[in-house]
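Analysis of the macromolecular model
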Amino acid sequence: MSTLKTGHVGLNVTDLARSTAFYRQVFGFEILGEQIEGARRFAFLGRDGTLQVTLWQQSEGAFATNLPGLHHLSFQVPDLEAVRHAEAVLRDLGAELVYDGIVPHGEGASSGGVFFTDPDGIRLEIYAPAGVDAAPAPTQGAPTCGFF
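My aim in this report is to walk through the structure given alongside it, one point at a time. Per-chain numbering applies: the sequence of each chain, read as written, is numbered from 1 onward. Confidence filtering applies because this is a predicted model: local features only for residues at pLDDT of at least 70, side-chain atom pairs given and counted only at 80 or more, and all residues used for totals across whole chains, interfaces and linings. Only heavy atoms go into the side-chain values, all of them from the structure, while hydrogens and water stay out.

1. As for the overall build of the chain
- Strands here are runs of E lasting at least two residues and helices are runs of H or I lasting at least four, both read from the DSSP assignment and numbered beginning at the N terminus. Within the chain, the regular secondary structure consists of two helices and nine strands.
- Going from N to C terminus, the chain has its helices and strands arranged as β-α-β-β-β-β-α-β-β-β-β.
- Projected onto its principal axes, the C-alpha coordinates of the chain cover approximately 50 × 35 × 35 Å.
- Three labels apply to residues, based on accessible area from a 1.4 Å probe with only protein chains included: buried if under 20% of the type maximum, exposed if over 50%, partly exposed otherwise in between. Taken across its 148 residues, the chain has 41% of its residues classed as buried.

2. Notes on helix H2 (residues 80-93)
- Residue count minus one, scaled by 1.5 Å, sets the expected span of a helix. For H2, with 14 residues, the first-to-last C-alpha span of 20 Å sits near the 20 Å given by 1.5 Å per residue.
- Along H2, the residues classified as buried are Leu80, Val83, Ala86, Glu87, Val89 and Leu90.
- Turning to H2, the residues buried within the fold contact helix H1 (16-27), strand S6 (96-97), strand S8 (112-117) and strand S9 (123-128).
- Backbone geometry just after H2 places Gly94 at a positive phi near 75°. Whether two residues are in contact is decided by their heavy atoms, any of which lying within 4.5 Å being enough.

3. Thoughts on the packing of H1 against H2
- A fitted line through C-alpha atoms represents every axis, and for helices the fit uses only the stretch in contact; the resulting angles, taken between N-to-C directions, go from 0 to 180 degrees. Their axes nearest at 9 Å, the elements H1 and H2 cross at an angle of 145°. Seen from H1, the contacting residues are Phe22, Gln25 and Val26; seen from H2, they are Val89, Leu90 and Leu93.
- Taken together, the residues of the contact of H1 with H2 break down into five nonpolar, one polar and no charged. The residue classification treats Ala, Val, Leu, Ile, Met, Phe, Trp, Tyr, Cys and Pro as nonpolar and Asp, Glu, Lys and Arg as charged. All others, Gly included, are polar.

4. Description of the packing of aromatic side chains
- Each pair of aromatic rings taken from Phe, Tyr and Trp, with Trp reduced to its six-membered ring, is defined by centres within 6.5 Å and is described as stacked if the planes are under 30 degrees apart, edge-to-face if over 60, and tilted in the remaining cases. The final tally for this structure, using the stated rule, is twelve aromatic pairs.
- Seen from their ring centres, Phe27 and Phe29 are 5.4 Å apart, and the 20° between their planes marks the pair as stacked.
- Since its relative accessible area comes to 4%, Phe29 is described here as buried.
- Members of the aromatic cluster, joined through ring pairs, are Phe22, Tyr23, Phe27, Phe29, Phe75 and Phe116.
- Between the NZ or CZ atom of Arg123 and the centre of the ring of Phe147, over which it lies, the distance is 5.1 Å. By definition here, charges over rings are those cases where NZ of Lys or CZ of Arg is within 6 Å of the ring centre and within 35 degrees of the ring normal.

Okay, here's the thing in structure tokens:
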């Protein structure tokens with residue numbers, strides 16, 4: 001394996017229509033394929049024809065942070081302005097923000113973003129690689145993306 005690149009991420013959701021709407025509004029994803037009828041419901045979401053997230057309606061309850069598995073899913077955007085736009089969309093949707101607004105990845109870090117959960121409690125992050133160093137880190141001695 002000389003080159004390795006992450007492909008798409010598959011997420012289990014409880015309500016396909018609700019989650020599809022959320023991911024489309026927050027990330028600007030388009031539906032690349034879907035099955036919304038019957039017992040096997042799913043949606044393939046992406047941008048510019050590239051698959052990024054698949055949603056599978058095959059779970060109940062909420063995301064379990066106390067079990068092994070996914071910790072959080074992170075998306076990089078080009079700059080702080082894009083993070084600010086995402087934060088405004090999240091606030092309009094009434095999404096649960098983990099911290100109050102945009103925060104750095106840690107003490108003295110220039111990178112950072114907004115940390116939130118989707119409708120099923122899956123932890124998500126939208127961050128910029130620079131420009132967040134003016135904001136205080138919400139947790140001393142630990143990375144913000146740890147969701148502490």
